[in-house]
Amino acid sequence: GQQVMQIPQYQHVQEGEDFTTYCNSSTTLSNIQWYKQRPGGHPVFLIQLVKSGEVKKQKRLTFQFGEAKKNSSLHITATQTTDVGTYFCAGKVVNNNDMRFGAGTRLTVKP
Amino acid sequence: EADIYQTPRYLVIGTGKKITLECSQTMGHDKMYWYQQDPGMELHLIHYSYGVNSTEKGDLSSESTVSRIRTEHFPLTLESARPSHTSQYLCASSDWGDYNEQFFGPGTRLTVL
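1. Observations concerning the environment of Gln33(A)
Link 1 in the chain: Within the secondary structure, Gln33(A) sits in strand β4 (residues 29-37).
Link 2 in the chain: Separated by 2.9 Å, the side chains of Gln33(A) and Gln48(A) make a polar contact.

This is how it looks when you write it as structure tokens:
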């Protein structure tokens, strides 16, 4: 079964609004990765979080890893049309073999 | 330039045909993966390999098979294609270790008529 849950499945925003997607696991994750897939493209790695409570920023994107290392979030401030795409989290459960992807959040931005 | 390649990019084929989707990477990665994805939807892991002569089935049951005879090459084969196999197939690779990102190929869009 799916080890990494991601919500929401879809998000429609007006350009300039903020956007957040959440990733949750019932078990502790050793690390979490975030990927972006543009329409018609393939997933591209954005960032990795490893430490409990870690926060990283990339311009308008803020990534957080929960204190218990069971959840993560990606927040985009003031969305632009270039942010359109599907955002996937991928987490590795401690003592498990490999990364597992969440179902993704598809973001559409209305100009 | 180090990269990951998939061919063909698009394939339209009739029911019952045997097909092989090619995936090659020049990054020297030990780990390779095949995902099945309907447009804009969830990534379903169908096969993975941790090195030469290592292949494992993923979380989603698939009628396809894979082989890993060379480190850089991880082809996926469907012995008898069916319309239910219509999807996008993404190949990915990563270096050994727990904290390495996956690099994805451009994908093959398969349509079975």
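2. Observations concerning the pairing of strand β5 (residues 44-49) of chain A
Residues in a regular strand project their side chains so that they alternate between the two faces of the sheet.
All names here are of chain A.
Link 1 in the chain: Relative to β5, β4 runs antiparallel, the two being bridged by five bridges. Note that in β5 the partner of Gln33 across the bridge is Gln48.
Link 2 in the chain: In sequence, β4 turns back onto β5 through a hairpin of six residues, with Gly40 there showing a positive phi of about 80 degrees.

3. Side note on the nonpolar core
Link 1 in the chain: Ranked by size, the top nonpolar core spans 20 residues in total, and within it Ile32(A), Trp34(A) and Phe63(A) carry the most contacts.
Link 2 in the chain: Counting only elements with at least two residues in this core, the list comes to β3 (19-25), β4, β5, β7 (61-65), β8 (71-76), β9 (85-93) and β11 (105-110) of chain A.
Link 3 in the chain: In terms of nonpolar packing, the next biggest core, distinct from the first, is built from 17 residues, Ile19(B), Cys23(B), Phe74(B) and Leu110(B) among them.

4. Let's talk about the interface of chain A and chain B
Link 1 in the chain: Facing 26 residues of chain A, the contacting portion of chain B comprises 23 residues.
Link 2 in the chain: Summed over both sides, the interface between chain A and chain B buries roughly 1900 Å², with carbon and sulfur atoms accounting for 47% of that surface.
Link 3 in the chain: Three residues, Asp98(A), Arg100(A) and Phe101(A), lead the burial of chain A against chain B; their summed loss comes to 24% of the area buried on that side.
Link 4 in the chain: Where chain A touches chain B, the interface holds one salt bridge.
Link 5 in the chain: Our count for the chain A to chain B interface comes out at six residue pairs in polar contact (both at pLDDT 80 or more).
Link 6 in the chain: Secondary-structure elements contributing two or more residues to the side of chain A that touches chain B are β4, β5, β9 and β10 (99-101) of chain A.
Link 7 in the chain: Counted by class, the side of chain A that touches chain B contains nine nonpolar, 13 polar and four charged residues.

Reading the values: the criteria
- Residues numbered from 1 in each chain as written.
- Chains lettered and ligands numbered in written order.
- Predicted model: local features only at pLDDT ≥ 70, side-chain atom pairs only at ≥ 80, totals over all residues.
- Heavy atoms only, no water.
- Helix = DSSP H or I, 4+ residues; strand = E, 2+ residues; numbered from the N terminus.
- Polar contact = N/O pair within 3.5 Å; in protein donor to acceptor, adjacent residues only side chain to side chain.
- Pairing = 2+ DSSP bridges.
- Core = buried A, V, L, I, M, F, W, Y, C linked by side-chain atoms within 4.5 Å.
- Buried < 20%, exposed > 50% of the residue type's maximum accessible area, 1.4 Å probe, protein only.
- Contact = heavy atoms within 4.5 Å.
- Buried area = accessible area lost by both parts, 1.4 Å probe.
- Salt bridge = Lys/Arg side-chain N within 4 Å of Asp/Glu carboxyl O.
- Nonpolar A, V, L, I, M, F, W, Y, C, P; charged D, E, K, R; others polar.

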